[in-house]
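Coordinate inspection notes
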Amino acid sequence: MAVNWGGIAGMIVFYLVILVVGLWASRKAKQRNSSEEAMTAGRDVGWLVGFFTLVATWVGGGYINGTAEIVFTPGWGLVWAQAPWGYSISYIINGIFFAEKMRAAKYVTMIDPFQIKYGDRMGGILFLPALMGELLWCAAILSALGSTIAVIIDMNQDLAVIISACIAGFYTFFGGLYSVAYTDVVQLCLIFFGLWLCLPFALTNDAVTSLGETKDSWLGQLNPEDAGVWFDIVMLLIFGGVPWQAFYQRALSAKTPTQAKYSTIIAAFGCLVMSVPAYVMGAVGASTDWGMTGIDLNVTDPYQEPNIVLPAVVQYLTPPFVAFLGLGAISAAVMSSTDSSILSTSSMWTRNIYRNIFRPNASERELMWLMRLFVIVVTVVATIMALTVSSIYALFVLCSDFVYVILFPQLVCVIHVDKSNTYGSFTAFTLGLFLRLAGGEPALKLPALIHYPFYDEEYGQRFPFRTLCMLVSLLTSILVSYAASFVFEREYLSKKWDVFKCFGEKSADQAKYVSVDQELKECKG
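Residues numbered from 1 in each chain as written. Predicted model: local features only at pLDDT ≥ 70, side-chain atom pairs only at ≥ 80, totals over all residues. Heavy atoms only, no water.

1. What to know about the overall build of the protein chain
Scanning the protein chain for helices and strands turns up 20 helices and zero strands. With 525 residues in all, the protein chain has 59% of them scored as buried. Summarising the internal contacts of the protein chain: among those between residues at least 6 apart in sequence, 83% fall at separations of at least 24. Per element, the accessible surface of the protein chain, about 21100 Å² overall, is 66% carbon and sulfur. (Helix = DSSP H or I, 4+ residues; strand = E, 2+ residues; numbered from the N terminus. Buried < 20%, exposed > 50% of the residue type's maximum accessible area, 1.4 Å probe, protein only. Contact = heavy atoms within 4.5 Å. Areas by Shrake-Rupley, 256 points an atom, 1.4 Å probe, with all protein chains shown as cover.)

2. Side note on the packing of helix 3 (residues 47–58) against helix 5 (residues 83–104)
As a packed pair, helix 3 and helix 5 sit with axes 10 Å apart at the nearest point and diverge in direction by 135 degrees. The pairing of helix 3 with helix 5 is recorded here as oblique in orientation. Regarding helix 3 and helix 5, the two cross each other, and that crossing is right-handed. Contacts from Leu54, Thr57 and Trp58 of helix 3 reach helix 5 at Tyr87, Ser90 and Tyr91. The residue makeup of the contact of helix 3 with helix 5, split by class, is four nonpolar, two polar and no charged. (Axes fitted to C-alpha atoms, helices over the stretch in contact; angles between N-to-C directions. Parallel < 35°, antiparallel > 145°, perpendicular 65-115°, else oblique. Left-handed = near helix turned anticlockwise from the far one by under 90°. Nonpolar A, V, L, I, M, F, W, Y, C, P; charged D, E, K, R; others polar.)

3. Considering the environment of Trp349
With respect to the helices, strands and loops of the structure, Trp349 is situated in helix 15 (residues 320–358). In this structure, the C-alpha to C-alpha distance between Trp349 and Phe374, residues 25 residues apart in sequence, is 7.9 Å. Among residues more than four places away in sequence, those in contact with Trp349 are Phe127, Tyr354, Leu370 and Phe374.

4. Remarks on unusual backbone geometry
You will see that Phe454, though not glycine, has its phi angle at about 70 degrees, which is positive. Mapped onto the secondary structure, Phe454 falls in the loop between helix 18 (422–438) and helix 19 (465–489). Located in the positive-phi region is Glu491, a residue other than glycine, with phi close to 60 degrees. Here Glu491 is to be found in the loop between helix 19 and helix 20 (508–524). When its relative accessible area of 62% is taken as the criterion, Glu491 is described as exposed.

5. A word on a nonpolar patch on the surface
Residues Leu373, Ile376, Val377, Val380, Val381 and Ile384 make up a contiguous nonpolar surface patch of about 480 Å² in total accessible area. Mapping Val377 onto the fold places it in helix 16 (residues 364–388). Overall, Val377 belongs to the partly exposed group, its relative accessible area being 36%. (Patch = residues over 30% accessible without salt bridge, like charges linked within 9 Å, V, L, I, M, F, W, Y side chains within 5 Å. Salt bridge = Lys/Arg side-chain N within 4 Å of Asp/Glu carboxyl O.)

6. Here we look at the environment of Asp418
Tracing the backbone through its elements, the reader meets Asp418 in the loop between helix 17 (392–416) and helix 18. Looking at Asp418, the relative accessible area reads 53%, which means it is exposed.

7. Examining the packing of aromatic side chains
With the rule as written, the count across this model stands at 23 aromatic pairs. Centre to centre, the rings of Trp58 and Tyr91 are 6.1 Å apart; their planes meet at 35 degrees, and the pair counts as tilted. With Trp58 in helix 3 and Tyr91 in helix 5, this pair connects stretches of sequence that are 33 residues apart. You can call Tyr91 buried: its relative accessible area is 0%. In this structure an aromatic cluster arises from ring pairing among Trp58, Tyr87, Tyr91, Trp244, Phe247 and Tyr248. The residue whose ring lies beneath Arg436 is Phe402, and the NZ or CZ to ring-centre distance is 5.0 Å. (Phe/Tyr/Trp six-rings, centres within 6.5 Å; stacked < 30°, edge-to-face > 60°. Lys NZ or Arg CZ within 6 Å of the ring centre and 35° of its normal.)

8. Description of the packing of helix 5 against helix 11 (residues 227–240)
Interhelical geometry of helix 5 versus helix 11 gives an angle of 45 degrees and a closest axis separation of 7 Å. In this view, helix 5 runs oblique relative to helix 11, as classed from their interaxial angle. Pair helix 5 / helix 11 crosses with right-handed handedness. Along its contact with helix 5, which presents Ala83, Trp85, Gly86, Tyr87, Ile89, Ser90 and Ile93, the element helix 11 presents Trp230, Val234, Leu237, Ile238 and Phe239.

9. Examining the pattern of salt bridges
Considering all chains together, one arrives at eight salt bridges under this definition. Glu489 is paired through a salt bridge with Lys419; the nearest N and O atoms lie 3.3 Å apart. Of this pair, Glu489 sits in helix 19 while Lys419 sits in the loop between helix 17 and helix 18, placing them 70 residues apart in sequence. Beyond isolated ion pairs, a larger network of salt bridges with shared partners links Asp232, Asp401, Arg436, Glu441 and Arg466.

10. Description of the confidence of the model for the protein chain
With 84% of its residues at a pLDDT of at least 70, the protein chain reaches an overall mean of 83. Mean pLDDT across the elements of the protein chain ranges from a minimum in helix 20, with 52, to a maximum in helix 19, with 96. (pLDDT = per-residue confidence, 0-100.)

11. Quick word on helix 16
Two residues of an α-helix separated by three or four positions point the same way, owing to the 3.6 residues in each turn. In a regular helix each residue adds 1.5 Å, so 25 residues correspond to 36 Å; helix 16 covers 37 Å between its end C-alpha atoms and thus fits that length. Looking at helix 16, one finds that the buried residues are Leu367, Leu370, Met371, Phe374, Val375, Val378, Thr379, Ala382, Thr383, Met385 and Ala386. Among the residues of helix 16, the N-terminal cap falls to Ser363, whose side-chain oxygen and the backbone nitrogen of Glu366 are separated by 3.1 Å. (Expected span 1.5 Å × (residues − 1). Polar contact = N/O pair within 3.5 Å; in protein donor to acceptor, adjacent residues only side chain to side chain.)

12. Focus on the environment of Phe201
Looking at the secondary structure, you find Phe201 in helix 9 (residues 177–203). In this structure Phe201 comes out as partly exposed when scored by relative accessible area, which is 34%.

13. Side note on helix 14 (residues 309–317)
Taken across its nine residues, helix 14 has nine buried, putting it largely inside the fold. By the burial criterion, the buried members of helix 14 are Val309, Leu310, Pro311, Ala312, Val313, Val314, Gln315, Tyr316 and Leu317.

14. Quick look at the side chain of Asp301
Following the sequence through the fold, Asp301 ends up in the loop between helix 13 (257–286) and helix 14. From its side chain, Asp301 meets the backbone nitrogen of Tyr303 in a polar contact 3.0 Å long.

Printed below as a string of structure tokens:
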């Protein structure tokens, strides 16, 4: 396969642009003296940068490469590419029900309300599914970037993933939320203009048959027996897209609670617009006679490796200068998405685990260096995951799976159920995790211990069991919380048996949580 030197030059140029912008923005971070300000950019992000950085939360490698992959893959197609519009709806839900309250409470991470209301250790337990979601998300981004570079340069895809991870880890090590936010602006501009510029050239290439004539291959189909699975995936994308630290890291940096709310809702439509080129390029890939292109099918065949279809369309179906912009923009955009996921995980670990549980008196210098150390750890673990799961889209969906089942019901209760407490939270966490793991997961090679209705020996679970697990977890949290409140507040059970200390005097943080909640109610009233 001939090396596309134009694509390589584009990738290098745009990497340098991202790096320069990140280093320029980091000068503002140096003026901040605390880890909290570094995590939230001093709550000084305005409407324009806030909009760009919120859209960039979703629009990265998994979002773009993964969408094109699923539209292109035979047997799947457009009907199964639910992620872009599912995640966009999740923003609307976040904006209406969560972002404003979280920002008004001046939380620093998504785990803060859990530790304030349920205690540091329960919050630490709930950090685990958040950590898993962020790691899988980061792995999807790295996998997408690796597949892009593997198409641009004739190299092994695993090696491309490792090199990409090293570059992303280096960049993130020296970055902060200021760098993340401002590079997001550049990222979105690059990917918008780069991919939209590629579309007319790809659509009119001689190797591409009219999309109207090939619609049966890229539209896909939804069989009646697959309806439960389709519905389950839609629900996990919409509601599993709500409890993400990568999102709250941006929403909590907004100047006001009102901005956090409405910029999130507006960003939902920005995410949809950014997904259009990925949908079309997936259809273009399915309509292309790849034997007519310059691609060496003995080395790189999109039908053997569907995750490379987007960079393949850009490189082989557009002129060199357009490929220069398109491939460079994809690479730079995916790279700048990686630092967000790594930074959000490092922030939760540093604040909610290390400081709140193990080292309450840790100095700011110690916390800042610990964040940098954890950046390295997250990068290594995410790289291993990216190398062991073949499909970008599988990672893209799986990263919301456990977050949906475990974390979404917990977030609903801690923000909107007044009497929610540690008893309900712990019981719901345990039961929800068991039911989900017992349902099995082919991507992780977990066998199904429980055969839910309509189980098929060949195709596995056909019932929307993830949604069932989420609902069971949500109802369990509410019922157990109210039951615990009833027996302790009415003194049917002595408070000396209150092992989680939920019904004594409220701590200063808990009192603050209640006052903020009341303040918002009065404002809306």
